[in-house]
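# Architecture at a glance
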Amino acid sequence: MTTVKLLPDVASEHLKEPKPLIAGVKDVPVMRKWKGKDVVTEQSVYIRLRDQRGIHVSRLTGLLMRYENRDLTQKSTQKLVEELSKTHDTHATFVCKWECIERGLRVGRKIEVSDALYMTVVLPYVSTCPCAAAMCKAVGRGVPHQQRSRMTVTTVWTDVDVAEVLVGLFQMPRTVMKRKEELEWCIEAVKPEHLVFAEDAARRIGEALEEVGISEYLVQTEHFESLHQHSMIAVNRRGRFI
């Protein structure tokens, strides 16, 4: 008889009175691939327990690590979740998040698998205050202020890359600008299409999604006010996200 066989499996003990709950592992670092590039992901798995005392952590983390360096695709993600569910013979919820540079922008992505496969995209953009622009125009002088902004967009994961759809809807931040480029930026900033409230941005994003056939979505826009000690938020929801 080996030593392993003598070790008690405490986590598998059954409770006399079942008290269902959810338990799991959070933010396990796993190297994966996205669009051919290595990305460091943080992965979480949550298990529904019925009458079992605890979860087997090594079963979950070991399975996550078996997928190390593999491409993040819908097919591989669905297969992983099926295998995770089998480790405890119950439903598993999976979350995978990471950041990478795409088109010179820091893009955040998150995959969530519960009742379906969802993809969340987080993109930065720049907005010009419509109120400030109107006041400057009225008095014939002054410069309207801009603010760094962020969109967080969740949809059912499809073959449409939502980030590609949304890049270019607004002015996008740049890491490096020469003086001539900065002047061009300022001239561009006061054009009508860049004068947006958080509400305007949330509506525009929703319209862009619908144009490519995405009718269900959760859009949140946040404008980090440059004059105030607060941010502005707008939420646009359709379909299953209402």
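Reference entry: report on the structure contained in this document. A quick note: this is a predicted structure, and the numbers were derived from the prediction, not measured.

Rules used in this analysis
Residues numbered from 1 in each chain as written. Predicted model: local features only at pLDDT ≥ 70, side-chain atom pairs only at ≥ 80, totals over all residues. Heavy atoms only, no water. Helix = DSSP H or I, 4+ residues; strand = E, 2+ residues; numbered from the N terminus. Rg over C-alpha atoms; globule rule 2.2 N^0.38 Å. Buried < 20%, exposed > 50% of the residue type's maximum accessible area, 1.4 Å probe, protein only. Axes fitted to C-alpha atoms, helices over the stretch in contact; angles between N-to-C directions. Parallel < 35°, antiparallel > 145°, perpendicular 65-115°, else oblique. Left-handed = near helix turned anticlockwise from the far one by under 90°. Contact = heavy atoms within 4.5 Å.

The next subject is the overall build of the protein. Helix and strand counts for the protein come out as 7 helices and 8 strands. The C-alpha radius of gyration computed for the protein amounts to 23 Å, which surpasses the reference 18 Å derived for 242 residues by more than 25%, pointing to a less compact arrangement than a globule. Projected onto the principal axes, the alpha-carbon positions of the protein cover approximately 90 × 35 × 35 Å. Out of the 242 residues in the protein, the part that is buried amounts to 40%.

At a minimum axis distance of 10 Å, the contact between helix 2 (residues 57-66) and helix 3 (residues 74-88) shows a crossing angle of 160°. It follows from the interaxial angle that helix 2 and helix 3 lie roughly antiparallel. In the crossing of helix 2 with helix 3, the sense of the turn from one axis to the other is right-handed. Judged by residue contacts, Arg59, Leu60, Leu63, Leu64 and Arg66 of helix 2 engage Leu80, Glu83, Leu84, Thr87 and His88 from helix 3.

Here Ala23 lies in strand 1 (residues 21-34). Given a relative accessible area of 23%, Ala23 falls into the partly exposed group. C-alpha separation for the pair Ala23 and Tyr46, spaced 23 residues apart in sequence, amounts to 5.5 Å. Once residues within four sequence positions are removed from consideration, Ala23 is found in contact with Val45, Tyr46, Ile47, Leu49 and Ile55.

For the rest of this paragraph, the subject is the environment of Ser85. By the element assignment, Ser85 lies in helix 3. For the pair formed by Ser85 and Arg48, sequence separation is 37 residues and the distance between their alpha carbons is 9.4 Å. With residues up to four places along the chain from it excluded, the contact list for Ser85 reads Thr90, His91 and Ala92.

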